[in-house]
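Descriptive structure summary
Listed below, chain by chain, are the residues.
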Amino acid sequence: MDRFLGHVTNRIDAKGRVSVPAHFRSLIQKAGHTELYALRSLHLPALDIGGPDFLTRYDGRLASEDPFAETADDMSFYLHADGAFLKLDQDGRITVTDFIREHTGISSDVTFAGANTHFQMWQPEHFEEHRTRVRQRLAERRQAGLQAANGAGAPPQRGTE
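The text that follows walks through the structure, step by step, so that each part is easy to find. Given the structure is predicted, the values throughout are model-derived calculations rather than measurements.

**Looking at the overall build of the chain**
When helices and strands are counted, the chain shows 5 helices and 8 strands. What you see in the chain, going N to C, is helices and strands ordered as β-β-α-β-β-α-α-β-β-α-β-β-α. Relative to the 2.2 N^0.38 estimate, which gives 15 Å for 161 residues, the radius of gyration of the chain is 19 Å and therefore markedly larger than a compact globule would have. In terms of its C-alpha atoms, the chain occupies a principal-axis envelope of roughly 60 × 45 × 30 Å. As displayed, the chain offers around 9900 Å² of accessible surface, 51% of which is attributable to carbon and sulfur atoms. The averaged location of the 22 negative side-chain charges in the chain is 9 Å from the averaged location of its 19 positive side-chain charges.

**Structural notes on unusual backbone geometry**
Non-glycine residue Asn 116 carries a positive phi angle of around 70°. Examined against the element boundaries, Asn 116 turns out to sit in the loop between strand E7 (109-115) and strand E8 (118-122). A relative accessible area of 39% means that Asn 116 is categorised as partly exposed.

**Overview of the side chain of Gln 120**
Among the structural elements, Gln 120 can be located in strand E8. We classify Gln 120 as buried; its relative accessible area is 13%. A polar contact is formed between the side chain of Gln 120 and the side chain of Asp 48, at a distance of 2.9 Å. Beyond its immediate stretch of four places on either side in the chain, Gln 120 contacts Leu 44, Leu 47, Asp 48, Thr 111, Phe 112, Ala 113 and Ala 115.

**Quick look at the pattern of salt bridges**
Within the structure shown, the criterion is met by 9 salt bridges. For Lys 30, the salt bridge identified is with Asp 2, shortest N-O distance 2.8 Å. Of this pair, Lys 30 sits in helix H1 (residues 22-30) while Asp 2 is found in the segment before strand E1 (7-11), placing the two residues 28 residues apart along the sequence. Neither Lys 30 nor Asp 2 differs from the other in exposure class; each is exposed. Across the pair Arg 131 and Glu 128 runs a salt bridge whose closest N-O atoms are separated by 3.0 Å. Placement of both Arg 131 and Glu 128 in helix H5 (residues 124-150) is noted, with a separation of 3 residues, approximately one turn of the helix. On the basis of relative accessible area, Glu 128 is assigned to the partly exposed category, the value being 34%. One network of salt bridges, in which partners are shared, links Arg 40, Asp 82 and Glu 102.

**Quick notes on H1**
Among the residues of H1, Phe 24, Leu 27 and Ile 28 are the ones counted as buried. Take H1 and look down its axis: the buried residues cluster within an arc of 100°, on one side only. Among the exposed residues of H1, those oriented more than 90 degrees off its buried face are Ala 22, Gln 29 and Lys 30.

**Concerning H5**
A turn of α-helix holds 3.6 residues, and therefore any two residues three or four places apart point the same way. An ideal rise of 1.5 Å per residue puts 39 Å on 27 residues; H5 measures up with 39 Å between its terminal C-alpha atoms. Those residues of H5 that sit buried are Pro 124, Phe 127, His 130, Leu 146 and Asn 150. Downstream of H5 by a residue or two, Gly 151 has a phi angle that is positive, lying close to 85°.

**Considerations on the nonpolar core**
By size, the foremost hydrophobic cluster in this structure holds 23 residues, and its most contacted members are Ile 100, Phe 119 and Met 121. Taken together, the elements giving at least two residues each to this core come down to H1, strand E3 (35-40), strand E4 (46-50), strand E5 (84-87), helix H4 (98-104), E7 and E8. For this core, the element with the most residues is H1, which contributes 3 residues. With 9 residues, the next largest nonpolar core counts Leu 39, Phe 54, Leu 55 and Leu 62 among its residues.

Calculation criteria
- Residues numbered from 1 in each chain as written.
- Predicted model: local features only at pLDDT ≥ 70, side-chain atom pairs only at ≥ 80, totals over all residues.
- Heavy atoms only, no water.
- Helix = DSSP H or I, 4+ residues; strand = E, 2+ residues; numbered from the N terminus.
- Rg over C-alpha atoms; globule rule 2.2 N^0.38 Å.
- Areas by Shrake-Rupley, 256 points an atom, 1.4 Å probe, with all protein chains shown as cover.
- Lys, Arg positive; Asp, Glu negative; His and termini not counted.
- Charge placed at Lys NZ, Arg CZ, Asp CG, Glu CD.
- Buried < 20%, exposed > 50% of the residue type's maximum accessible area, 1.4 Å probe, protein only.
- Polar contact = N/O pair within 3.5 Å; in protein donor to acceptor, adjacent residues only side chain to side chain.
- Contact = heavy atoms within 4.5 Å.
- Salt bridge = Lys/Arg side-chain N within 4 Å of Asp/Glu carboxyl O.
- Arc of directions from axis to C-beta.
- Expected span 1.5 Å × (residues − 1).
- Core = buried A, V, L, I, M, F, W, Y, C linked by side-chain atoms within 4.5 Å.

If you want it as C-alpha cells, here you go:
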C-alpha cells in the first residue's frame with residue numbers, strides 16, 4: 001500500500017537518532033525522498049512529516065490566498081519559517097532535534113503514526129491519550145447516529161450495537 005498506516009514506537013539511541021519504521025521508510029524511498037519536511041501540528045503535540053510533495057501541497061493552498069491578506073502571511077510564516085527539513089541517514093534514522101522535542105515533548109521514545117499521505121511523530125503517552133480521545137469521540141458519534149436512526153429512546157435494532 002502506498003499509504004502511511006499504523007503506528008510504531010521506537011527508542012531514541014545514545015546519539016539522539018531514531019529509526020523511521022521500515023514500512024514508512026519503504027514509502028519514502030519508493031518516492032525517492034532523502035529529506036523530509038516537518039510541520040508542527042497547529043492543534044496537536046505532534047509533527048506532521050512528509051516528502052517535498054507534502055510541502056508542495058501546502059504551497060498550493062497558500063497560492064490560492066490573497067497575497068496581501070494576513071492569512072497568506074501567516075500561512076507562509078507557518079510553512080516556511082516554522083517548519084524544518086529532517087534528513088534521513090543511510091540507515092533510515094532521523095536525528096531528534098530541539099525542533100522536534102520542543103513541540104512534542106519527545107524524550108526517549110518516539111511513536112510514528114500513519115496519516116495516509118504523511119506520518120506523525122509523537123511522544124508515546126501523548127499519542128495514547130490522543131488515540132483514546134479519538135476513539136471516544138468516534139464511539140459517541142456512532143452512538144448518536146444509531147439513536148437518530150432508531151428514533152430517540154427506541155431500543156437499538158438487533159445487530160447495530
